[in-house]
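Structural overview
One letter stands for each residue in the lines below.
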Amino acid sequence: MKDFYIDTDLGFQEAQKYHGRVPTEDDYDILVDADEVDDDFRVWGPANMFGERELLAGVKRKVFPKDVYDRIVTTAQTIKHTSDLRTAQAGPWDPEELFKKFGWVEGEHYKFKGNTKNAIIRRKKDGTWDTVARGKAIHSVLLGYKRGRFTGQIELDAWSKKNPEELKVFFEMNDFAAEAYDFIAPKEYKEQVAFADKYIKQEHRLNGTVFTTMSLNQYTENETSMMGYHIDAGDLNSSLTCISVFKVGDYKGAYFILPQHRCAISVGDGDVFVGDSRKQHGISEIEGPGMRISCVSYCDTRMASVK
């Protein structure tokens, strides 16, 4: 395994200024490309006063057996679900585009929520304003367990309930993702195991792994082409997030960028990426006719139900 060392750290507060922005090549100085490295690797942050470095990210290459890989890619491509609730990830709205497409005028048909233009609130037909802020629709679906917004109960998400056979494919892949996590970041993995074993019931864990929930995202040039800078909610403070990446066809870009450390990582086909999603991060624009499928596996602390 190879190691790369990053000495840049803009600081957490400075990185917060990136929230909701579209990632660009101006946001990084160093790009670590898995295909060029052609080996498993880790990326470490600056050393502290004791000489210790924080693990920022890592990649384990070609993790999935061919039969498992084929089932994941085939099944993932059948999912056409989109979400307009992930406002920061979708990037900012363009008022001119909203006017050209829908004839919407700011203040009359919609208003922006917050300081960015990532979330809009629509005026309803009766003249009142909607209570839910919407972002641009991105190709993303939640898989696995969630806590009901109104019931407070832990349950499978809607797609998982409707597609039990397809769900088995994604549950199975977490065995391989968990092994990659342990390989890349054994310290963080053990801490996550300890948390899951203590607070999360086995029936709320994906295939008995440390993961409770997944987010399946598809990136294409003409639909969801990037993911804006954000911090993942619900992740365990001491843990990292696993992203299994699958490349369909040919494309360029789609780098995982950590602007706080001015670094980007290009993940290869069938690789598992392990990274710190508690920092601002995003996916840069994808270019070309291909599709990037990413399956994000994580331990959602909201699934903790054991006292």
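The structure reproduced in this document is the subject of the present report.

About the criteria used
Residues numbered from 1 in each chain as written. Predicted model: local features only at pLDDT ≥ 70, side-chain atom pairs only at ≥ 80, totals over all residues. Heavy atoms only, no water. 1 Å grid on protein atoms, 1.4 Å probe; cavity = no way out; pocket = protein on both sides within 12 Å on 5 of 7 lines; lining within 4 Å. Points joined across faces, edges and corners; volume = space filled by probe spheres on them. Helix = DSSP H or I, 4+ residues; strand = E, 2+ residues; numbered from the N terminus. Nonpolar A, V, L, I, M, F, W, Y, C, P; charged D, E, K, R; others polar. Disulfide = S-S within 2.5 Å. Contact = heavy atoms within 4.5 Å. Expected span 1.5 Å × (residues − 1). Buried < 20%, exposed > 50% of the residue type's maximum accessible area, 1.4 Å probe, protein only. Arc of directions from axis to C-beta. Axes fitted to C-alpha atoms, helices over the stretch in contact; angles between N-to-C directions. Parallel < 35°, antiparallel > 145°, perpendicular 65-115°, else oblique. Left-handed = near helix turned anticlockwise from the far one by under 90°. Phe/Tyr/Trp six-rings, centres within 6.5 Å; stacked < 30°, edge-to-face > 60°. Pairing = 2+ DSSP bridges.

1. Side note on the layout of surface pockets
In this structure, the largest pocket occupies an estimated 1300 Å³ of space. Forming the walls of the largest pocket are 50 residues, and the residues nearest its centre are Ser 83, Arg 86, Leu 142, Tyr 298 and Arg 302. Ranked by residues supplied to the lining of the largest pocket, first place goes to strand S7 (residues 140-147) with 6 residues. Among the residues making up the lining of the largest pocket, the classes are represented as 19 nonpolar, 19 polar and 12 charged. A volume near 240 Å³ is recorded for the second largest pocket. Considering the residues around the second largest pocket, the lining is formed by 13 residues, among which Trp 93, Leu 98, Phe 102, Lys 136 and Ala 137 are closest to the centre. Secondary structure elements with two or more residues in the lining of the second largest pocket: helix H5 (95-102) and strand S6 (120-122). Looking at which element gives the most residues to the lining of the second largest pocket, the answer is H5, with 4 residues. Residues that form the lining of the second largest pocket fall into these classes: 6 nonpolar, 1 polar and 6 charged.

2. Considering the state of the cysteines
For the structure on display, the rule yields 0 disulfides. The cysteine Cys 242 is free of any disulfide, with Cys 299 supplying the nearest cysteine sulfur at 11 Å. Looking at Cys 295, it has no disulfide partner, and the nearest cysteine sulfur is the one in Cys 242, 12 Å off.

3. A look at the environment of Leu 55
For Leu 55, the location among the structural elements is in strand S4 (residues 53-60). Here the alpha-carbon distance between Leu 55 and Asn 222, two residues 167 residues apart in the chain, equals 34 Å. Apart from the residues lying within four places of it in its own chain, the contact partners of Leu 55 are Arg 42, Val 43, Trp 44, Ile 184, Ala 185, Glu 188 and Leu 240.

4. Topic: helix H8 (residues 186-199)
For H8, spanning 14 residues, the distance from its first C-alpha to its last is 20 Å, which sits close to the expected 20 Å at 1.5 Å a residue. What H8 keeps buried is the set Glu 188, Tyr 189, Gln 192, Phe 195 and Ala 196. All buried residues of H8 project into a common sector of 125° when viewed along the axis, lining one side. Exposed and oriented more than 90 degrees from the buried face of H8 are Lys 187, Lys 190 and Lys 198.

5. A word on the packing of helix H3 (residues 66-76) against helix H7 (residues 164-184)
Look at H3 against H7: their axes get within 10 Å of each other, and the N-to-C directions meet at 135°. It follows from the interaxial angle that H3 and H7 lie oblique. Judged by the sense of rotation from one axis to the other, the crossing of H3 with H7 is left-handed. Here Val 68, Arg 71, Ile 72, Thr 75 and Ala 76 of H3 lie close against H7, whose contacting residues are Glu 166, Val 169, Phe 170, Glu 172, Met 173 and Phe 176.

6. A word on the packing of aromatic side chains
With the rule as written, the count across this model stands at 15 aromatic pairs. Ring centres of Tyr 69 and Phe 246 lie 5.5 Å apart, and the angle between their planes is 65°; on these two criteria the pair is classed as edge-to-face. With a gap of 177 residues between them, Tyr 69 in helix H3 and Phe 246 in strand S11 (residues 241-248) connect regions that are remote in the sequence. Take Tyr 69 and Phe 246: they sit in the same class, and that class is buried. Feature note: the residues Phe 64, Tyr 69, Phe 176 and Phe 246 constitute an aromatic cluster, connected by ring pairs.

7. Let's talk about the pairing of strand S9 (residues 213-219)
For S9, the buried fraction is high: 7 of the 7 residues fall into the buried class. Side-chain alternation along S9 places Thr 213, Ser 215, Asn 217 and Tyr 219 on one buried face and Met 214, Leu 216 and Gln 218 on a second face that is also buried. In the sheet, S7 pairs with S9 via 5 bridges, with the strands oriented antiparallel. Within S9, the position partnered with Leu 143 by the bridge is Met 214. Both S9 and strand S18 (residues 291-298) contribute to a ladder of 7 bridges, which runs antiparallel. Looking at S18, one finds that Asn 217 is bridged to Ser 294.

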